[in-house]
Amino acid sequence: MKKIVICGGNSLSGEVEIHGAKNSLLPILAAVVLASGECKISNCPPLSDVLTMLDLLRDIGCKIEYADQTVRIDTRSIHNYSMNDGLMHKLRSSIFILGPLLARMGKAELGYPGGCDIGIRPIDLHLKGLRDLGVTVTETEGHVLCSCSRLQGSEVYLDYPSVGATENVMMAASLAQGATVICNAAKEPEIVDLQNFINKMGGRISGAGTGRIVIHGVERLEGCEYSAMPDRIVTGTFMIASALTKGEIFIKNAQRECVNVLAGKLRDGGCEILDEDKGIVVRCHDRFKASNIIETMPYPGFPTDLQSPMMTLQTVAKGTCILIENVFENRFRLTGELKKMGADITVKDRMAVIRGVEKLKGATVNTHDLRGGAALVLAGLAADGITVVKDDGLIDRGYFELEKQLKALGGEIVVLEE
Ligand code: UD1
């Protein structure tokens, strides 16, 4: 258990560099299984989710060297089609290996994936998409057994634009016989990154970033070198941190087009967003004006992963905000913790009404999920007095050295390990 001790009140200022995106790296690392050879992936920070994914790859037989945020993965020695239960339970994204493993070995066995406790999170859309490609799926209690001869290209319609299901089908279809069209595909920027990576291995995918992705299956994919895109959720977290502390932060490597919806909300609340050559500056002098309504949606809507940090910002904004969570039903567990700090929040089903207070006050609070954890650290930075965030390693799943980066911007933070 880690205790993050924060003395609030400082404005954050300076420069922060954004690391590689967790949500790009996890599918890219899984897609490596499709390659017959060695892949070198850079901009790959040692987030705990990344380390778990590498353990999963090792477990099925990959050889891995990892140093200085660059990982080399040799897939030639893959021999195991049964995925380790313990590792599967640690990480929902372990499901990404299913498609590539089927494309490569014709069978795969796995337990149901785990991950942050933010909702029901079934895998039915992943399995539906793979069935459309010719996979036979047998579900027993707690386990899924999948098998196929060569995957067959097909039309796959997703009832909901699931990010993970879109990626799983893209990966599997890239070695299938014939063409696959994914209709109602998710449009997240990380899907474009995955397309670019698979195409660099020799794949033939187009349309990522739109609702219709076309994948022409190829006979073989080769190893390649690739650098993951910068993390737009980490970018957004620092943008919100600047607004919350009346700061001025230069966010280096930020991809502006990926944070448009957040930038709009911050501008409406009184922040300045300046586009620079190598990133963006977020500047805020006055108390933030509450956003009238925020509703999370698939990209390009407001991202569910930034809902928690944004909720923290609204707790001290001038006015009232209505926040609706449409993607994951358990994302409001944060509200109980923010209330300990003096926030005024009423929750009804998937809607939260947040009436801004002048100041939060320091308290001891607990993280329940990755993004909620980051949101509590931000709350501590804006609160009067001392806040202690108790975190069982959840924040490190998606932020690399968050506390160190906030400290370099002027936050007063000490981390104690228990
Ligand atoms: C990915 C992101 C996560 C982000 C989420 C939504 C990664 C590694 N994680 O998660 O950070 O919060 O997108 O932007 O990229 N669903 C089903 N059946 C399925 C799959 C999903 O009902 O088979 C539901 C989920 O329960 C959820 C919704 O669809 O309510 C969205 O899930 P999805 O888009 O699949 O998110 P993930 O890929 O798990």
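Counting of residues starts from 1 at the beginning of each chain's written sequence and follows it residue by residue. Only residues with pLDDT of 70 or above have their local features reported here, since the model is predicted, and side-chain atom pairs are shown and tallied only from 80 upward, although totals for entire chains, interfaces and linings are computed over all residues. Water and hydrogen atoms were dropped before computing side-chain values, which therefore reflect all heavy atoms in the structure.

### A short note on the packing of helix H6 (residues 163-173) against helix H7 (residues 189-200)
In the contact formed by H6 and H7, the axes pass within 11 Å of each other and the chain directions differ by 10°. Put simply, H6 runs roughly parallel to H7. Across from Val163, Thr166, Glu167, Met170 and Met171 in H6, the residues of H7 making contact are Glu190, Ile191, Leu194, Gln195 and Ile198. Note on residue categories: nonpolar means Ala, Val, Leu, Ile, Met, Phe, Trp, Tyr, Cys or Pro, charged means Asp, Glu, Lys or Arg, and polar means any other residue, Gly included. Class assignment of the residues belonging to the contact of H6 with H7 gives a composition of six nonpolar, two polar and two charged. As a rule, the C-alpha atoms of each element are fitted with a line to give its axis, helices using only the stretch in contact, and angles between N-to-C directions run from 0 to 180 degrees. Think of it this way: any DSSP run of H or I at least four residues long counts as a helix, any run of E at least two long counts as a strand, and we number them from the N terminus. Orientation categories follow fixed angle ranges, with anything under 35 degrees roughly parallel, anything over 145 roughly antiparallel, 65 to 115 roughly perpendicular, and all other angles oblique. In this description, contact between two residues means that some pair of their heavy atoms is separated by no more than 4.5 Å.

### Digging into the sheet that holds strand E20 (residues 351-355)
Should DSSP find at least two bridges between two strands, the strands are taken to pair. Taken in spatial order, the four strands of this open sheet run E17-E18-E20-E19, and their pairing is mixed. A single partner strand is all that each edge strand has here, and the edge strands are strand E17 (293-295) and strand E19 (344-348). For this sheet, the mean angle separating the axes of adjacent strands, direction not counted, is 15°. Set on the sheet, helix H10 (residues 307-315) makes contact with E17, strand E18 (320-324), E19 and E20; between it and E20 the angle comes to about 30°.

### Notes on the domain arrangement of the chain
In this document the domain limits rely on a domain assignment from an automatic tool or a database. By the assigned domains, the chain splits into domain 1 (2-18 + 230-417) and domain 2 (22-227). Just the C-alpha atoms count here: the centres of domain 1 and domain 2 sit 30 Å apart. Listed per partner, the contact involves 23 residues of domain 1 and 24 residues of domain 2. Surface buried jointly by domain 1 and domain 2 totals about 2000 Å² across both partners, of which 52% is contributed by carbon and sulfur atoms. Together, Tyr299, Arg397 and Phe400 form the three largest contributors to the area buried by domain 1 at its contact with domain 2, with a combined 34%. The term salt bridge refers to a side-chain nitrogen of Lys or Arg lying within 4 Å of a carboxyl oxygen of Asp or Glu. If you look at where domain 1 meets domain 2, you find two salt bridges. The closest approach of N and O atoms between Asp49 and Arg397, which form a salt bridge, is 2.8 Å. Identification of polar contacts relies on pairs of N or O atoms within 3.5 Å, with a donor-acceptor requirement for protein atoms, meaning one able to donate a hydrogen and the other able to accept it, and with residues adjacent in sequence counted only if both atoms are side-chain atoms. In this assembly, domain 1 and domain 2 are joined by eight residue pairs in polar contact (both at pLDDT 80 or more). Here the side of domain 1 that touches domain 2 is built from residues that sort into ten nonpolar, three polar and ten charged. Joining two parts hides part of their accessible area as seen by a 1.4 Å probe, and the buried area is that hidden amount summed over both.

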